[in-house]
Amino acid sequence: EVKLQQSGDELVRPGASVKMSCKASGYTFTDYAMHWVKQSPGQGLEWIGTIIPLIDTTSYNQKFKGKATLTADKSSNTAYMELSRLTSEDSAVYYCARGLGAYVMDAWGQGASVTVSS
Amino acid sequence: DIRMTQSPASLSASLGETVNIECLASEDIYSDLAWYQQKPGKSPQLLIYNANSLQNGVPSRFSGSGSGTQYSLKINSLQSEDVATYFCQQYNNYPNTFGAGTKLELK
């Protein structure tokens with residue numbers, strides 16, 4: 001069974017950074033891309049970026065360049081996303097999702113809520 | 001960015017009814033379209049990709065159609081477990097973009 005287990009919810013101060021994880025199991029981690037998606041009440045679903053763990057290549061939505069940094073650790077089958085210089089606009093639920101083909105997302109993590117508040 | 005406009009924003013239907021949800025792209029996306037179902041408090045799940053290909057394990061009462069800029073998701077014989085929000089996503093152009101969602105409730 002394909003499973004993506006995300007790290008827990010975070011409460012962070014404005015201006016801080018947060019790094020979240022997504023541990024994959026049930027498939028060969030390097031055979032698939034990993035996408036990250038933001039879901040907020042005002043903006044719906046937004047694609048943040050994608051990492052291809054096999055070759056450590058990343059692609060970002062222009063909107064999130066400088067905000068998000070994607071990495072992957074092949075030894076532990078874990079993908080990471082770091083969000084920097086957090087503001088209230090970054091408060092949302094963030095999902096990792098396995099890539100099927102291009103940008104189709106065929107398995108999703110349970111989501112991690114980030115709340116930015118002082 | 002390509003804008004994906006879903007309609008209706010919400011709808012209410014009875015058990016056993018057939019439901020249609022529309023998705024209009026701001027330009028031709030050449031059938032590079034997926035549909036996702038998100039049940040309350042859960043993560044999205046892939047239903048359809050390439051406009052009309054049913055994802056493994058998805059009930060056959062779900063189907064997708066369309067081409068060019070106009071696409072639709074059809075749910076035959078609505079079941080209680082189909083109560084959810086449905087999103088379309090285009091992946092033909094960078095960046096891939098999602099519709100705002102259609103919330104489906106039972107009447």
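In the block above lies the structure referred to throughout.
For every chain, the first residue of the written sequence is number 1, and numbering continues from 1 onward in sequence order. To read the labels, note that chains go from A and ligands from 1, taken in the order they are written. pLDDT decides what is reported in this predicted model: residues at 70 or higher carry local features, side-chain atom pairs at 80 or more are listed and counted, and totals for whole chains, interfaces and linings draw on all residues regardless. In computing side-chain properties, one takes all heavy atoms of the structure into account and sets aside hydrogens as well as water.

S.K.: What am I meant to see in the sheet that holds strand β3 (residues 18-25) of chain A here?
M.R.: Residue and element names in this part refer to chain A. At least two bridges found by DSSP between two strands are what make those strands a pair. Helix numbers and strand numbers start at the N terminus; a helix is a DSSP run of H or I with at least 4 residues, a strand a run of E with at least 2. Pairing in this open sheet of four strands is antiparallel, and the strands run β1-β3-β8-β7 from one edge to the other. Only two strands of the sheet have a single partner each, and these edge strands are β1 (3-6) and β7 (68-73). On average, each strand axis in the sheet is tilted by 20° relative to the strand beside it, whichever way the strands run. Where β1 lies against β3, four bridges are found, and the strand directions are antiparallel. Across the sheet, Gln-5 pairs through a bridge with Lys-23, a residue of β3. Simply put, an axis is a line fit to the C-alpha atoms, just over the touching stretch for a helix, and the angle between two N-to-C directions goes from 0 to 180 degrees.

S.K.: How do you make sense of the sheet that holds strand β1 (residues 4-7) of chain B when you look at a structure like this?
M.R.: Within a sheet, neighbouring strands are paired by backbone hydrogen bonds and run either parallel or antiparallel to one another. Residue and element names in this part refer to chain B. One open sheet holds the four strands; their spatial order is β1-β3-β8-β7, and the pairing between them is antiparallel. Of all strands in the sheet, those bounded by a partner on one side alone are β1 and β7 (62-67). Each neighbouring strand pair of the sheet contributes to a mean axis angle of 20°, computed without reference to strand direction. Pairing of strand β3 (residues 19-25) with strand β8 (residues 70-75) involves six bridges; the strand directions are antiparallel. Within β8, the position partnered with Asn-20 by the bridge is Lys-74.

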